[in-house]
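Structural overview
What follows is each chain in one-letter form.
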Amino acid sequence: MQISPGIEIIGLSLWIEEKKVLIVSDPHIGYEEYLQQKGVLLPKFQAKAIITELEKILQKVSPKTIIINGDLKHEFGTVSRQEWKEVLQLIDFLQQHCCELILVRGNHDIIIGPIASKRNIKIVDKQLIKDILIIHGNKLIKTPAKRIIIGHEHPAISLRENAKTEKYKCFLKGKWNNQELIVMPSFNPLLEGTDLITEKPLSPFLEDLSNFEVFIASGSEVFHFGKWGITG
Ligand SMILES: [Mn+2]
């Protein structure tokens, strides 16, 4: 489904057909270990699940460029060998499927230099593709770009069906400063996201959500939920 002219939602990614650019956001490799340190017991599956989802997307499109829109790694304070292995595994996988891999720096990507030097990965603070600025979204920026794509927020929405409430990752589209703003969900299956109906947004781009449209991404399906105000 097109979220904006020339920008398509595929799984949890965005695809800019004209430039053959695929964007994924917030993989947060190492989030599993972070939860384990906090005493949450869970089987290790995150890196494998991320790659499986990417494989599904890459069966549909053949990107020239893949952009990770920030927070490749969850925490850099304590990096275990397993986490390094998974980060490099993801980078290697992505590089096998594109000519150029770009990481737009997120707030968790502070000490990312060693990865960049191990692999040929371009690290930027923002990336312009046509009239679209891709930026992580933890800080505001002035830009003449007509459209802005951010991550960082991990938007989700809870829907109640009968007695069950389920949380779905979603994309958001609205206006910021007269520019179109698109918000991407996290690509990590463990990070369900922030339910923006009940929780306060993190990103300074999202002060007023009342005019935002919601696009729920569930498996390979996308549901357009219309404006935020009437979804609640
Ligand atoms: Mn972030």
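The sections below set out a description of the structure shown in this document. Since the model is a prediction, treat every value here as computed from it, not as a measurement. (Residues numbered from 1 in each chain as written. Predicted model: local features only at pLDDT ≥ 70, side-chain atom pairs only at ≥ 80, totals over all residues.)

Moving on: the overall build of the protein chain. For the protein chain, the helix and strand inventory stands at 4 helices and 16 strands. Taking 2.2 N^0.38 as the reference for a compact globule, 232 residues should give roughly 17 Å; the C-alpha atoms of the protein chain span a radius of gyration of 17 Å, in line with that estimate. With the C-alpha coordinates of the protein chain rotated into their principal frame, the extents come out at 45 × 45 × 35 Å. Each of the 232 residues in the protein chain was classed as buried or not, and the buried ones make up 40%. (Helix = DSSP H or I, 4+ residues; strand = E, 2+ residues; numbered from the N terminus. Rg over C-alpha atoms; globule rule 2.2 N^0.38 Å. Buried ≥ 20, exposed ≤ 12 C-beta atoms within 10 Å, placed from the backbone.)

Before going further, it helps to spend a moment on helix α3 (residues 81-96). Residues lying three or four places apart along an α-helix face the same way, a consequence of the helix completing one turn every 3.6 residues. Along its 16 residues, α3 runs 22 Å from first to last C-alpha, staying within 8% of the 22 Å computed at 1.5 Å per residue. Glu83, Glu86, Val87, Leu90, Ile91 and Leu94 are the residues of α3 that are buried. All buried residues of α3 lie within an arc of 130° about the axis, which places them on one face of the element. Counted as exposed and oriented over 90 degrees from the buried face of α3: Arg81, Lys85, Asp92 and Gln96. Residues of α3 that are buried sit in contact with α1 (31-37), α2 (46-58), β5 (65-68), β6 (100-104) and α4 (113-118). (Expected span 1.5 Å × (residues − 1). Arc of directions from axis to C-beta. Contact = placed C-beta atoms within 7 Å.)

Moving on: the packing of α2 against α3. Contact geometry for α2 and α3: axes closest at 10 Å, N-to-C directions at 10°. One finds that α2 runs roughly parallel with respect to α3. Residue-level inspection shows Ala47, Ile50, Ile51 and Leu54 of α2 in contact with α3, the latter providing Glu86, Gln89, Leu90 and Phe93. Looking at side-chain class alone, the contact of α2 with α3 contains 6 nonpolar, 1 polar and 1 charged residues. (Axes fitted to C-alpha atoms, helices over the stretch in contact; angles between N-to-C directions. Parallel < 35°, antiparallel > 145°, perpendicular 65-115°, else oblique. Nonpolar A, V, L, I, M, F, W, Y, C, P; charged D, E, K, R; others polar.)

Glancing now at the nonpolar core. Within the largest apolar cluster, 55 residues are counted, with the highest numbers of intra-cluster contacts made by Ile23, Ile134, Ile149, Cys170 and Phe171. In terms of residue count, the dominant contributor to this core is α2 (5 residues). Leave out the neighbours within four places in its chain, and Ile134 touches Ile23, Ile67, Asn69, Val104, Lys126, Gln127, Ile129 and Ile149. (Core = buried A, V, L, I, M, F, W, Y, C linked by C-beta atoms within 7 Å.)

Attention now goes to the environment of Asn177. Counting through the fold element by element, Asn177 comes out in the loop between β12 (164-176) and β13 (179-183). For Asn177, a count of 10 C-beta atoms within 10 Å puts it in the exposed group. Each C-alpha atom, one on Asn177 and one on Ile149, is 14 Å from the other, the two residues being 28 residues apart in sequence.

A few words on unusual backbone geometry. The backbone of His152 shows a phi angle near 70°, a positive value even though the residue is not glycine. Inspection of the secondary structure assignment puts His152 in the loop between β10 (147-150) and β11 (155-161). You will see that Asn177, though not glycine, has its phi angle at about 55°, which is positive.

Taking 1.5 Å of rise per residue, the 13 residues of α2 would be expected to cover 18 Å, and the 18 Å separating its terminal C-alpha atoms lies within 8% of that figure. Burial in α2 covers these residues: Gln46, Ala47, Ile50, Leu54, Ile57 and Leu58. Burial along α2 is one-sided: seen end-on, the buried residues are contained in an arc of 105°. Across from the buried face of α2, at angles greater than 90 degrees, the exposed residues are Lys48, Thr52 and Glu55. The secondary structure elements touched by the buried residues of α2 are β2 (7-10), β3 (13-16), α1 and α3.

Read these as spatial facts, not as claims about activity.
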